[in-house]
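A look at the structure
Chain by chain, the residues run as shown.
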Amino acid sequence: MKSKSMRFRWMSNLKKWVVNNMCCVIRKKNKRRERSKDLESDTPDKCEIETSVFTNLNAGAKLSRLDDSETEMANLKLENLQRVTPLGSGGFGRVILVQDKISSSETYALKILSKQRIVAIGYQERILNEKNILAELKSDFIVRLYKTVKDDENLYLVMELCYGGELSKLIYDVDNLNHTAAKFYTACIAEALVYLHSKGIVHSDLTTSNALLDSKGYVKLIDFGMASKVTSGQETTSLGGTPDYMAPEVILNKGHTTAADLWSLGVIVYNMLAGWAPFADEDDNDIQTYHNVLNGIDDVVFPDYIENMAEDLIRKLCRNDPAERLAAHDIPTHGWFNDFHWDDLKNRTMKPPFIPKITSAIDARNFDAEDFSEESTYPNTDDVSRWDPDF
Ligand SMILES: Nc1ncnc2c1ncn2[C@@H]1O[C@H](COP(=O)(O)OP(=O)(O)OP(=O)(O)O)[C@@H](O)[C@H]1O
């Protein structure tokens, strides 16, 4: 039988748990309502105010990063990075917002990968691959890798911090995007793909969760763990990805090319406009999702609020035969983009549909990351495999 004090503690813990959960749900609902209102109200004044708040806070810090200040980066030490708040986690690591203790205006996204875990699941090559590919990429539409560091337990990627959170969260918050917004984000991703594919790089895991909004509201691609390089005419067989977004040839493990990313983009466009992914099984059954993908886009119902031109683009991206799909460089000339000013997008002078609210350099309100304790997430044991000299 429980003692009175134990019962009391148990009851009060239960109460705390219920209250915490309720608060969490209410907070999420309120955040969702707030973001939804932000996206709907399109007043230039409001956008300008928010941009200027952010610009003042960061005082050009991000720009100096993007200009590649090599010496500054060489001096960056792990011990000088204050871990502020979690941003997200995935199958391979966790990502934390960190702030330079020396120059507090400098903030980064620090991806921490446990060597123990990488070795346990045999993903050494994948991680080295992610680092090597990301290190060579310099595009306004792809997250920048500034530096890699390692210690006995972990590998670290110091990356550009995208304050606006995942595109998937934005879609969730507003149910579905209007055509102007969807077109803008599609264009950002298309620009990233034109760049990647010109270098023979296939992302292979293009999803709305791997597309982040930066502080200005432009989208950048992240997570190059599945990416690979192919020379013209060659195929890659990197296995994995996210079922809802996987192209048929990836599911069938036939070998795939850059065209697999175009299929995923078609899924993203549908997802943004409809509010749900076209092939996703309602009960989250991956096998059923694979069946839906293999059945193809002709079996998918398009809600009538998706414009004909947008539908046409989606159908041309989601062709079962990879050779029939539009290429990334064909997207700008598709009819859906008739009224779209690509140069303004490339010069970053186009006004994004949604400007993330940020009130400080350490504001992570656009992320829903769970508070994870580092110790409990991965065991800290010595890695003796020494497989990472190249990291
Ligand atoms: N540069 C960044 N700026 C802000 N947040 C980021 C950044 N990079 C990653 N995140 C957050 O951390 C999450 C996990 O990152 P990432 O997808 O790179 O990890 P992963 O372990 O490779 O995931 P997966 O299992 O999906 O492959 C992202 O979904 C995003 O929310």
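Residues numbered from 1 in each chain as written. Predicted model: local features only at pLDDT ≥ 70, side-chain atom pairs only at ≥ 80, totals over all residues. Heavy atoms only, no water.

As annotated in an unreviewed UniProt entry, the chain carries the name Non-specific serine/threonine protein kinase and is attributed to Sinanodonta woodiana.

**Some remarks on the domain arrangement of the chain**
Segmentation of the chain into domains returns domain 1 (18-159) and domain 2 (165-346). Each partner contributes to the interface: domain 1 provides 19 residues, whereas domain 2 provides 29 residues. Regarding the contact of domain 1 and domain 2, the summed buried area is about 2400 Å², with carbon and sulfur atoms giving 59% of it. At the junction of domain 1 and domain 2, the tally comes to three salt bridges. For Glu136, the salt bridge goes to Lys199, with nearest N and O atoms at 3.4 Å. Between the two partners, domain 1 and domain 2, sit seven residue pairs in polar contact (both at pLDDT 80 or more). Within the residue set of the side of domain 1 that touches domain 2, elements represented by two or more residues are helix H1 (4-40) and helix H6 (124-136). Residue classes in the side of domain 1 that touches domain 2 are distributed as eight nonpolar, three polar and eight charged. (Domains from an automatic or database assignment. Contact = heavy atoms within 4.5 Å. Buried area = accessible area lost by both parts, 1.4 Å probe. Salt bridge = Lys/Arg side-chain N within 4 Å of Asp/Glu carboxyl O. Polar contact = N/O pair within 3.5 Å; in protein donor to acceptor, adjacent residues only side chain to side chain. Helix = DSSP H or I, 4+ residues; strand = E, 2+ residues; numbered from the N terminus. Nonpolar A, V, L, I, M, F, W, Y, C, P; charged D, E, K, R; others polar.)

**Observations regarding the side chain of Lys131**
Along the chain, Lys131 falls in helix H6. A relative accessible area of 15% means that Lys131 is categorised as buried. Every residue in contact with Lys131, bar those within four places of it in the chain, is listed here: Leu145, Thr148, Leu157, Asp390 and Phe391. (Buried < 20%, exposed > 50% of the residue type's maximum accessible area, 1.4 Å probe, protein only.)

**Some thoughts on the sheet that holds strand S4 (residues 145-150)**
Pairing is antiparallel in the open sheet, where five strands are placed in the order S1-S2-S3-S5-S4. Looking at which strands have only one partner, the edges of the open sheet turn out to be strand S1 (81-89) and S4. Strand-to-strand, the axes of this sheet are offset by a mean angle of 25°, without reference to chain direction. The pairing of strand S2 (residues 94-100) with strand S3 (residues 107-114) spans six bridges and is classified as antiparallel. Residue pairing across strands places Arg94 opposite Ile112, the latter belonging to S3. (Pairing = 2+ DSSP bridges. Axes fitted to C-alpha atoms, helices over the stretch in contact; angles between N-to-C directions.)

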